[in-house]
Amino acid sequence: MTIEESGKLPTGIKVSGLTQGYGNREVLKDFSLDVPDRSIVALAGPNGAGKTTLMRTIATLLKPKAGSIVVLGHDIAAKQGRNELRRNLGYLPQDFTADNKLTVKEYVEYSLWMRGFSKIKIEAASEVAIDRVGLSQTKHVKLRELSGGMRQRAGIAAATAGDPDLLILDEPTSGLDPEQRSQFREVLRSLDSRLVLISTHLIEDVASLADYLVVISDGNLAYAGSADILREGDRSIEALERIYVNLMRAGQ
Ligand SMILES: Nc1ncnc2c1ncn2[C@@H]1O[C@H](COP(=O)(O)OP(=O)(O)OP(=O)(O)O)[C@@H](O)[C@H]1O
């Protein structure tokens, strides 16, 4: 997707005047953001910037303290909006926890069952999702017996199974080796999902995958726009890092 095309797309997520935090601590204050529908959106920023807090709020796991959020037409302040969104949401938390006694297949099937898939669809969708991340040979192995990278891939399979309309992935490439990261990008490109929100510290993820880039710095929006900003001109990693650091500084 090009910058011109993404500019014409309707809004996929609209966050307006969001205040969010923990106890008295406000992480995001009067935070607003629009991201285009039908895009892969990378969420970047330094540690503690508020990326996970924003993602968990959009995923309806944290209730906003103030402000409104409309995701793919669902107003998540309303119970019906939240429920409809949850049925069409794949979410991979950072350092996800799962019942380690489950096998890969059971874990992926469980995530589909939670989203209301029928038995027949669960069988087919889990096969596809497990195969996509290269765990077919390991599908009957328990999660506790997997290496870190394999476990992360099981998490990616569970989140992406059934190609949910909205996919939220919190640092999905952490713990993956370069080949697995490349395979992960292939998985994302092959999905039929409508909107993908992915947080990452890896500039290569953004440059090679994202249509749209959102940079948060200390709870402030530092940049929201086409990810083409990272693809223009000199493509050396150093040049990309420089652009990225400058974007983050803009929010301070
Ligand atoms: N459950 C919590 N209770 C209290 N404070 C929290 C909680 N979760 C996060 N915070 C604080 O909120 C701020 C934002 O955290 P958040 O996890 O959203 O940042 P992040 O951008 O995702 O960081 P990272 O890149 O390290 O994952 C941090 O200062 C963090 O310490």
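Chains are numbered independently. Their residues run from 1 in the order of the written sequence. Totals for whole chains, interfaces and linings use all residues, but because this is a predicted model, local features are given only for residues with pLDDT of at least 70 and pairs of side-chain atoms are given and counted only at 80 or more. Derived side-chain values reflect all non-hydrogen atoms in the structure, with water molecules and hydrogen atoms excluded from consideration.

Where an unreviewed UniProt entry is consulted, the protein appears under the name ATP-binding cassette domain-containing protein, with the organism given as Flaviflexus ciconiae. UniProt positions are given in the numbering used here, feature names are shortened, and annotations may be inferred rather than shown by experiment. Looking at the Sequence similarities (unreviewed entry) heading of the UniProt record, one finds this comment for the protein: "Belongs to the ABC transporter superfamily."

1. With respect to a nonpolar patch on the surface
Patches here: salt-bridge-free residues with over 30% relative accessible area, like charges joined within 9 Å, nonpolar side chains (Val, Leu, Ile, Met, Phe, Trp, Tyr) joined within 5 Å. Only the protein chains shown count as cover for residues, and all accessible areas are computed by the Shrake-Rupley method using a 1.4 Å probe. What counts as a salt bridge is simple: a side-chain nitrogen of Lys or Arg found within 4 Å of a carboxyl oxygen of Asp or Glu. Nonpolar side chains collect at one region of the surface, where Tyr110, Trp113 and Met114 lie side by side and expose about 380 Å² of accessible area between them. Strands here mean DSSP runs of E at least two residues long; helices mean DSSP runs of H or I at least four residues long; both are numbered from the N terminus. Summarising the element assignment, tyrosine 110 is placed in helix α4 (residues 104–114).

2. Examining the site of the ligand
Put simply, a residue is near a molecule or strand once any heavy atom of it comes within 4 Å of that molecule or strand. For the ligand, the set of nearby residues contains 14 residues, the closest of which are Arg25, Gly48, Lys51, Thr52 and Thr53. Counting of polar contacts relies on pairs of N or O atoms within 3.5 Å, with two restrictions inside protein: one atom must be capable of donating a hydrogen and the other of accepting it, and residues adjacent in sequence are counted only when both atoms are side-chain atoms. The contact in question runs from an oxygen atom of the ligand to an N or O atom on the backbone of glycine 50, over 2.9 Å. Separating an oxygen atom of the ligand from a side-chain N or O atom of glutamate 171 is a distance of 3.5 Å. The protein chains hide 64% of the 640 Å² of surface that the ligand would expose on its own. Among the elements of the structure, β2 (25–36) and α2 (51–58) are those that each provide at least two residues to the shell around the ligand. In terms of residue count, the dominant contributor to the shell around the ligand is α2 (three residues).

3. Things to note about the packing of α4 against helix α5 (residues 119–132)
Helix packing geometry: the angle between the two helix axes and the distance between the axes. Direction vectors running N to C along α4 and α5 enclose 125°, while the axes themselves pass 9 Å from each other. It follows that α4 is oblique to α5 by the angle criterion. The handedness of the crossing between α4 and α5 is right-handed. Across the interface between the two elements, Val104, Lys105, Val108, Glu109, Leu112 and Trp113 from α4 touch Ile122, Glu123, Ala125, Ser126, Glu127, Ala129 and Ile130 from α5. Classification used: nonpolar for Ala, Val, Leu, Ile, Met, Phe, Trp, Tyr, Cys and Pro, charged for Asp, Glu, Lys and Arg, polar for all others including Gly. Considered class by class, the residues forming the contact of α4 with α5 number eight nonpolar, one polar and four charged. Each axis is a line fitted through C-alpha atoms, and for a helix only the stretch in contact is used; angles between axes span 0 to 180 degrees, taken between their N-to-C directions. Put simply, angles under 35 degrees are roughly parallel, angles over 145 are roughly antiparallel, angles from 65 to 115 are roughly perpendicular, and the rest are oblique. With the far helix as reference, a near helix turned anticlockwise by less than a right angle produces a left-handed crossing, and one turned clockwise produces a right-handed crossing. Here, residues are in contact when the closest pair of their heavy atoms is within 4.5 Å.

4. Examining the packing of α4 against helix α6 (residues 148–160)
Running from amino to carboxyl end, α4 crosses α6 at an angle of 30°, the nearest separation of the two axes being 8 Å. Regarding the angle of α4 to α6, the classification is roughly parallel. In this structure, α4 crosses over α6, and the sense of that crossing is right-handed. Only Ala154, Gly155, Ala157 and Ala158 of α6 make contact with α4, whose side of the interface consists of Val104, Tyr107, Val108 and Ser111. A breakdown of the residues in the contact of α4 with α6 according to their chemical character gives six nonpolar, two polar and no charged.

5. Regarding the confidence of the model for the protein
Each residue carries a pLDDT score, the predictor's own confidence in it, on a scale running from 0 to 100. Within the protein, residue pLDDT values average 89, and 94% of them lie at 70 or more. Confidence over residues 1–6 falls short of pLDDT 50; this stretch has nine contacts with residues more than four positions distant or in other chains. Here the predicted complex carries an ipTM of 0.97, next to a pTM of 0.90.

6. Looking at helix α9 (residues 237–249)
A helix is expected to span 1.5 Å for every residue after the first. Helix length check: α9 (13 residues) gives 18 Å between terminal C-alpha atoms against 18 Å at 1.5 Å per residue, within 8%. Think of it in three bands: with a 1.4 Å probe and only protein chains considered, a residue is buried below 20% of the maximum accessible area for its type, exposed above 50%, and partly exposed in between. Listed in full, the buried residues belonging to α9 are Ala239, Leu240, Tyr244, Leu247 and Met248. The secondary structure elements touched by the buried residues of α9 are β3 (39–44), α8 (203–209), β9 (212–217) and β10 (220–226).

7. A look at the pattern of salt bridges
Enumeration over the complete set of coordinates arrives at 12 salt bridges. With a closest N to O distance of 3.9 Å, lysine 29 and glutamate 26 form a salt bridge. A relative accessible area of 58% means that lysine 29 is categorised as exposed. A residue is classified by how much of its surface remains accessible, and glutamate 26, at 40% relative accessible area, is partly exposed. Where arginine 181 meets glutamate 204, a salt bridge forms, and the shortest distance between an N and an O atom there is 3.3 Å. Placement of arginine 181 in helix α7 (residues 178–190) and of glutamate 204 in helix α8 is noted, with a sequence separation of 23 residues between them. Connected via shared salt-bridge partners are Arg181, Arg185, Glu204 and Asp205.

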